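Listed below, chain by chain, are the residues.
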2 protein chains.
Amino acid sequence: MSKKVTIYDIAKKLNITAASVSRALNNNPRISESTRKLVLETAAKMNYKPNKVALALRNGKSNSVGVIVPRVNRNFFSNLIRGLEEELYPFGYQVIICQTYDEGKREIDNINALLDAHVGGIFLSISSNTANLDHLKRVINSNVPLIFLDRKADMQGVGSVTINDHEAGYISTQHLIDQGCRRIAHLGGDQRIEIYKDRFEGYKQALHDNNIEFDKKYFYQFNRNNSIDGGKEAVTKLLKLSSPPDAIFSASDFVALGAIQELQKRNVRIPEDFCVSGFSNEPFTKFMELSITSIDQFPIEMGKIAAKVFLEQIKGGHKKQNKVVLDPKLHIRKSTSKL
Amino acid sequence: MSKKVTIYDIAKKLNITAASVSRALNNNPRISESTRKLVLETAAKMNYKPNKVALALRNGKSNSVGVIVPRVNRNFFSNLIRGLEEELYPFGYQVIICQTYDEGKREIDNINALLDAHVGGIFLSISSNTANLDHLKRVINSNVPLIFLDRKADMQGVGSVTINDHEAGYISTQHLIDQGCRRIAHLGGDQRIEIYKDRFEGYKQALHDNNIEFDKKYFYQFNRNNSIDGGKEAVTKLLKLSSPPDAIFSASDFVALGAIQELQKRNVRIPEDFCVSGFSNEPFTKFMELSITSIDQFPIEMGKIAAKVFLEQIKGGHKKQNKVVLDPKLHIRKSTSKL
DNA sequence: TTGTAAGCGTTATCAT
DNA sequence: ATGATAACGCTTACAA
């Protein structure tokens, strides 16, 4: 049942005070080299571990950070987290992972919980599709560094690491055009979320640059909760059009998958008669018999950079670049390889 | 910058002491109904939030629990976590997720970090393939409830929620036999981990019960880090045998996937000439063109039950059943549907 | 019923 | 260079 050993225990054994022990342990210069050595040795010998909770109370900040994502069972997010952890781990940070399941209420709850826990920083991939950002202002007001991951909101002085979603939408669409597709549909997410809006804009820009008129009948908005079914539904609707599309640029791999399944069910040949590209480079896009063209967002890299932005920020003096935008990469696979 | 409001602020405003406020807030009977009401009202009005760090320091326990899994980007584990969260959320528990990436050292680090953070409980899907369980004993000695999730070790008085892996191995193998397969190979995990040993045993038992002799040439051990490649390698080796197998029971979906890819590359027809079954019911097993037969472990259910075991345990008086074993279910899909 | 005060483990600010 | 003490926010004997 080994009682926890505190600095008092060390102090008692050495006939000094806890203050001295604390100083010795914290590289405080106001201590003699000899006692420091002595303290360090006995601390190790007694297997002393600082009580982080006490530390957090004292300092008003803990050595943990929170990361809030819609869900962890997406390759993108789990790798984001992995990048974060790898970078933060050496600094002794504990990463608390929270999931919102894309519910705004959960996001608020999670923010509150993290603030309650006095985390040292919060990484957020925003879910709130409402305009209300009060909970985020609360983070700022609490003086807790906030960093947006991938999905961001428009807020002053908040760091962010994102990819250029406009560019991603653009190159995906351009690729489809290069394959000879002309009637390209877009399956997009909630347009109140910036990334989805940007992907849509990039798509439209590419159409425009190729003198293809955007037809709003070719836009379908899915919701994240039933992605695969969303894709199926989209295809079902799109094929009913008098002039159905010959390609789909989906802002989600899962939606793209659903679309492909529905197309195959209807014996539409992919990619010969219909091309489909996805988004996020989920592992299955590569596994599939019919591998799916998709956008790589370099999630591990993103996580690592976000961690660095955070570390920079708490080091203070951070008038440095704290809005990082990465370039997306299109992995071209069978689902769009017509030529 | 809204200063945090404490019980002292409330006390001052009401001209009472912090102790009274505390009592009012905690349903302590030693307080008059009138003051309680007053305190509750002003607390709400002042937007008082208890400082959980202070609470944790005081009580030596926090309202957070930790869950340690090999990695979150596996359907099984992320759903396990989801089940945990759903059940624990209403009780105000914060779930701290840690990943070991199947490294024993990480597991120890994570345990230490969680103990440092004074979590109220730890859910562990064990990674340590060493016999050394000192870090787990430390958990017990710290009086922190420990509950094994899926992968357990043999420890006294530790709760666990698992599936019957022996049974899972058995029914998977029996199914292959029922399909007419006779030379069934098994791709298994680290045999020092109980679940993998059990699956292997179940497999052997099924063979035995069908009068098929186990041939150890048909056993291949993969390591978790390069699962898909492991499957490919296994097939490459197995097909070189003088009498190659006609089926594979894999203890991992990813390994099964690799195996299938390699088989297809070699133009082996599945399921006609070769059946493959996997384990864990990863989403892609269903998505695939050639859907993969797999074992469902009901991870959400498992997480929920684990949460309940935990809640029961901290409620005390827990001489209740704290080792729960769930029954696995085999989803039969194309990869084994010969008949 | 309410107030007083000690204590959880640590560090910062005084003194000495 | 070291010691004493207050403080972080909260709970709980013990007193009143």
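Residues numbered from 1 in each chain as written. Chains lettered and ligands numbered in written order. Predicted model: local features only at pLDDT ≥ 70, side-chain atom pairs only at ≥ 80, totals over all residues. Heavy atoms only, no water.

J.: Which residues make up the interface of chain B and chain A, and what are the values?
T.: Contact residues are listed per partner, giving 45 residues for chain B and 44 residues for chain A. Carbon and sulfur atoms make up 56% of the area that chain B and chain A hide from each other, which totals about 4,100 Å². Summed over the shared surface of chain B and chain A, the result is six residue pairs in polar contact (both at pLDDT 80 or more). In terms of residue count, helix α5 (residues 75–88) of chain B provides more of the side of chain B that touches chain A than any other element does, seven residues in total. Within the side of chain B that touches chain A, the residues separate by chemical class into 22 nonpolar, twelve polar and eleven charged. (Contact = heavy atoms within 4.5 Å. Buried area = accessible area lost by both parts, 1.4 Å probe. Polar contact = N/O pair within 3.5 Å; in protein donor to acceptor, adjacent residues only side chain to side chain. Helix = DSSP H or I, 4+ residues; strand = E, 2+ residues; numbered from the N terminus. Nonpolar A, V, L, I, M, F, W, Y, C, P; charged D, E, K, R; others polar.)

J.: Lay out the pairing of strand β2 (residues 94–99) of chain B with the relevant residues and their values.
T.: All names here are of chain B. Counting buried positions along β2 yields six of six residues, so the element is predominantly enclosed. Both faces of β2 are covered, namely the face carrying Gln-94, Ile-96 and Cys-98 and the face carrying Val-95, Ile-97 and Gln-99. Here strand β1 (residues 64–69) runs beside β2; their pairing, made up of six bridges, is parallel. Paired with Val-67 across the bridge in β2 is Ile-97. (Buried < 20%, exposed > 50% of the residue type's maximum accessible area, 1.4 Å probe, protein only. Pairing = 2+ DSSP bridges.)

J.: Please set out the nonpolar core residue by residue, giving values where relevant.
T.: Ranked by internal contacts, the top residues of the largest apolar core, which has 142 residues, are A:Leu88, A:Phe123, B:Leu88 and B:Phe123. Residue contacts for B:Leu88: discarding those within four places in its chain leaves B:Val65, B:Tyr93, B:Val95, B:Phe123, B:Ala307, B:Phe310 and B:Leu311. Counting 38 residues, the second largest nonpolar core, distinct from the first, contains A:Leu115, A:Met155, B:Val139 and B:Phe148. (Core = buried A, V, L, I, M, F, W, Y, C linked by side-chain atoms within 4.5 Å.)

J.: Got a sec to walk through the domain arrangement of chain A? Specific residues and values, please.
T.: Residue and element names in this part refer to chain A. According to the domain assignment, chain A contains domain 1 (7–50), domain 2 (59–163 + 298–326) and domain 3 (165–297). One C-alpha centre belongs to domain 2, the other to domain 3; they are set 29 Å apart. Facing the 17 residues of domain 2 at the interface are 19 residues of domain 3. In total, about 1,600 Å² of surface goes out of reach between domain 2 and domain 3, with carbon and sulfur atoms giving 45% of it. Considering only the surface of domain 2 that becomes buried against domain 3, Arg-74, Asn-129 and Ile-163 emerge as the three largest contributors, covering 36% of it. Where domain 2 packs against domain 3, one counts one salt bridge. Glu-194 is the partner of Lys-152 in a salt bridge, and the nearest nitrogen-oxygen pair spans 2.5 Å. Summed over the shared surface of domain 2 and domain 3, the result is four residue pairs in polar contact (both at pLDDT 80 or more). (Domains from an automatic or database assignment. Salt bridge = Lys/Arg side-chain N within 4 Å of Asp/Glu carboxyl O.)

J.: Explain the pattern of salt bridges to me, using residue names and the numbers behind them.
T.: All names here are of chain A. For the structure on display, the rule yields 34 salt bridges over all chains. Linking Glu-233 and Lys-237 is a salt bridge whose minimum nitrogen-to-oxygen distance equals 3.7 Å. Residue Glu-233 and its partner Lys-237 are located together in helix α10 (residues 227–238), separated by four residues, close to a single helical turn. Its salt-bridge partner being Arg-266, residue Glu-262 comes within 2.9 Å of it at the nearest N-O pair. Given the relative accessible area of 7%, Glu-262 is considered buried. Where salt bridges share partners, they join Arg-71, Asp-102 and Arg-151 into one cluster.

J.: With reference to specific residues and values, describe the side chain of B:Arg106.
T.: Counting through the fold element by element, B:Arg106 comes out in helix α6 (residues 104–116). One buried charged residue, B:Arg106, remains without a salt bridge, the closest side chain of opposite sign being B:Glu103 at 4.2 Å. Beyond its immediate chain neighbours, meaning those up to four positions away, B:Arg106 contacts A:Glu86, A:Tyr89, B:Gln99, B:Thr100 and B:Tyr101. (Lys, Arg positive; Asp, Glu negative; His and termini not counted.)

J.: Would you mind going over the packing of helix α1 (residues 7–14) of chain B against helix α2 (residues 18–25) of chain B in detail, with residue names and values included?
T.: Residues and elements named next belong to chain B. Two elements in contact, α1 and α2, have axes whose closest approach is 8 Å; the angle formed by their N-to-C orientations is 110 degrees. Here α2 runs roughly perpendicular to α1, going by the angle between their axes. Taken together, the residues of α2 that come into contact with α1 (itself represented by Ile-7, Tyr-8, Ile-10 and Ala-11) are Ala-18, Val-21 and Leu-25. When its residues are assigned to classes, the contact of α1 with α2 shows seven nonpolar, no polar and no charged. (Axes fitted to C-alpha atoms, helices over the stretch in contact; angles between N-to-C directions. Parallel < 35°, antiparallel > 145°, perpendicular 65-115°, else oblique.)

J.: Tell me about the sheet that holds strand β7 (residues 219–221) of chain A, and name the residues and values.
T.: Residue and element names in this part refer to chain A. Taken together, four strands build an open sheet; the order of strands is β7-β6-β8-β9 and the sheet is parallel. If you trace the sheet from one side to the other, it starts and ends with β7 and β9 (275–277), each paired once. With direction set aside, neighbouring strand axes in the sheet form an average angle of 15 degrees. Where strand β6 (residues 184–188) meets strand β8 (residues 247–250), four bridges bridge the pair, whose relative direction is parallel. In the sheet register, His-186 faces β8, and the bridge partner there is Phe-249. Helix α8 (residues 165–178) contacts β6, β8 and β9 of the sheet and is inclined by roughly 165 degrees relative to β8. Taken strand by strand, helix α11 (residues 253–265) contacts β6, β8 and β9, and its axis lies near 160 degrees from that of β9.

J.: Can you explain the protein's contact with DNA strand D? Please cite residues and give values.
T.: Lining the immediate environment of DNA strand D, one finds 26 residues, of which A:Ser20, A:Arg30, A:Thr35, B:Tyr48 and B:Arg58 sit closest. At the protein interface, 62% of the atoms of DNA strand D within 4 Å belong to sugar or phosphate. One of the side-chain nitrogen or oxygen atoms of A:Ser20 is found 2.7 Å away from a phosphate oxygen of DNA strand D. Contacts to DNA strand D include B:Asn26, whose side-chain N or O atom sits 3.3 Å from a phosphate oxygen. For the surface near DNA strand D, the elements supplying multiple residues, two or more each, are α2 (18–25) and α4 (52–59) of chain A together with α1, α2 and α4 (52–59) of chain B. Broken down by class, the residue content of the surface near DNA strand D amounts to twelve nonpolar, nine polar and five charged. (Near = heavy atom within 4 Å.)

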